[in-house]
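Residue-level structure breakdown
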Amino acid sequence: MVGQPIGRDQLVAKQSAVDASGELSRLSIEGVMFRPTRPVVHEDGHLVEVVRADWPIVAAPVVQVHITTTLPRHVRAWGLHQRSTDRLFVVSGLIRFAVFDGRPDSPTRGQLNELLVSERSPGLLIIPPNLYHGWKNIGDTEATIINMPDRMYDYEAPDALDLPWDSTRATDLIPHRW
């Protein structure tokens, strides 16, 4: 009989990011959705659909589109919108998204979801209001992300609350380390 290797009791069982049908298995927070898309090869390059009005997860019309970039190894977190839903699509780069549910009456209160998205594994990520969310560019190049929120940006009263990711308050509140 072969004995257990040193440190065996410290190992954690691997969990698959997808189920047998290829659907993501790690998005457990109520309202958070991800619709995978796929690059379609053609004779001149690739085409990737970003959003379509007939996709069920696109519940509200696209009213604004903006692009944000994140430098390699930089973190953009934690943000929270009280009224707006973010619809995020990674155009380039390798992004680790994290979403934390701190809503008091949510059945998924206290849960954390993580998701890796890139141009090689693209998709539309939906983050409803009142969820802490952010990302880190874990790639070696500047990442580009499209956001198509369901509300236009209000310059006079932005629907944006921030909690710096590296603050003691964030460390105490959110069970995630970048």
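Residues numbered from 1 in each chain as written. Predicted model: local features only at pLDDT ≥ 70, side-chain atom pairs only at ≥ 80, totals over all residues. Heavy atoms only, no water.

Turning to the overall build of the protein chain, a few remarks are in order. Scanning the protein chain from N- to C-terminus turns up one helix and 12 strands. Going from N to C terminus, the protein chain has its helices and strands arranged as β-β-β-β-β-β-β-β-β-β-β-β-α. Along the first, second and third principal axes, the C-alpha set of the protein chain runs to 65 × 50 × 30 Å. For the protein chain, the proportion of its 178 residues judged to be buried stands at 36%. Long-range pairs, those at least 24 residues apart, make up 78% of the contacts in the protein chain between residues at least 6 apart in sequence. (Helix = DSSP H or I, 4+ residues; strand = E, 2+ residues; numbered from the N terminus. Buried < 20%, exposed > 50% of the residue type's maximum accessible area, 1.4 Å probe, protein only. Contact = heavy atoms within 4.5 Å.)

One pass over the structure, following the stated rule, counts four aromatic pairs. Each ring, one from Phe-100 and one from Tyr-132, has its centre 6.3 Å from the other, and the planes form 40°; the classification is tilted. Linking Phe-100 in strand β7 (residues 94-101) with Tyr-132 in strand β10 (residues 131-137), this pair joins segments that are 32 residues apart in sequence. Lying across the ring of Trp-55, Arg-35 places its NZ or CZ 3.9 Å from the centre. (Phe/Tyr/Trp six-rings, centres within 6.5 Å; stacked < 30°, edge-to-face > 60°. Lys NZ or Arg CZ within 6 Å of the ring centre and 35° of its normal.)

Now for the pattern of salt bridges. Across all of its chains, the model carries five salt bridges by this definition. Between Asp-140 and Arg-73 there is a salt bridge whose closest N-O contact spans 3.7 Å. Note that Asp-140 is positioned in the loop between β10 and β11 (143-147) and Arg-73 in the loop between β4 (66-70) and β5 (75-80), a separation of 67 residues in sequence. Across this residue pair, the class does not change: Asp-140 and Arg-73 are exposed. (Salt bridge = Lys/Arg side-chain N within 4 Å of Asp/Glu carboxyl O.)

A few words on the pairing of β10. By the criterion of burial, β10 is predominantly enclosed, with six of the seven residues buried. Pairing of β5 with β10 involves three bridges; the strand directions are antiparallel. When the bridges of β10 are listed, Arg-76 appears paired with Trp-135. Pairing of β7 with β10, which is carried by seven bridges, proceeds in the antiparallel orientation. Its bridge partner lying in β10, Arg-96 is registered against Lys-136. (Pairing = 2+ DSSP bridges.)

A word on the sheet that holds β5. Ordered by their spatial adjacency, five strands build an open sheet running β8-β7-β10-β5-β12, and the pairing between neighbours is antiparallel. Sheet topology places β8 (112-118) and β12 (161-162) at the edges, where each strand pairs with a single neighbour. Relative to β8, β7 runs antiparallel, the two sharing seven bridges. Looking at β8, one finds that Arg-96 is bridged to Leu-116.

In any sheet, the strands associate via hydrogen bonds between backbone groups, in a parallel or an antiparallel arrangement. The strand order β1-β9-β6-β11-β4 describes an open sheet built from five strands, whose pairing is antiparallel. Edge positions in the sheet fall to β1 (33-36) and β4, since each of these pairs with one other strand and no more. For this sheet the average axis-to-axis angle between neighbouring strands, irrespective of direction, equals 25°. (Axes fitted to C-alpha atoms, helices over the stretch in contact; angles between N-to-C directions.)

Moving on: a nonpolar patch on the surface. A cluster of nonpolar side chains, Leu-94, Leu-116 and Ile-138, forms an exposed patch at the surface whose accessible area comes to about 210 Å². Along the polypeptide, Leu-94 turns up in strand β7. What makes Leu-94 partly exposed here is its relative accessible area of 32%. (Patch = residues over 30% accessible without salt bridge, like charges linked within 9 Å, V, L, I, M, F, W, Y side chains within 5 Å. Areas by Shrake-Rupley, 256 points an atom, 1.4 Å probe, with all protein chains shown as cover.)

This part covers the environment of Asp-172. Relative to the assigned elements, Asp-172 resides in helix α1 (residues 168-173). When its relative accessible area of 64% is taken as the criterion, Asp-172 is described as exposed. Expressed as a C-alpha distance, the spacing of Asp-172 and Thr-108, which sit 64 residues apart in the sequence, is 19 Å.

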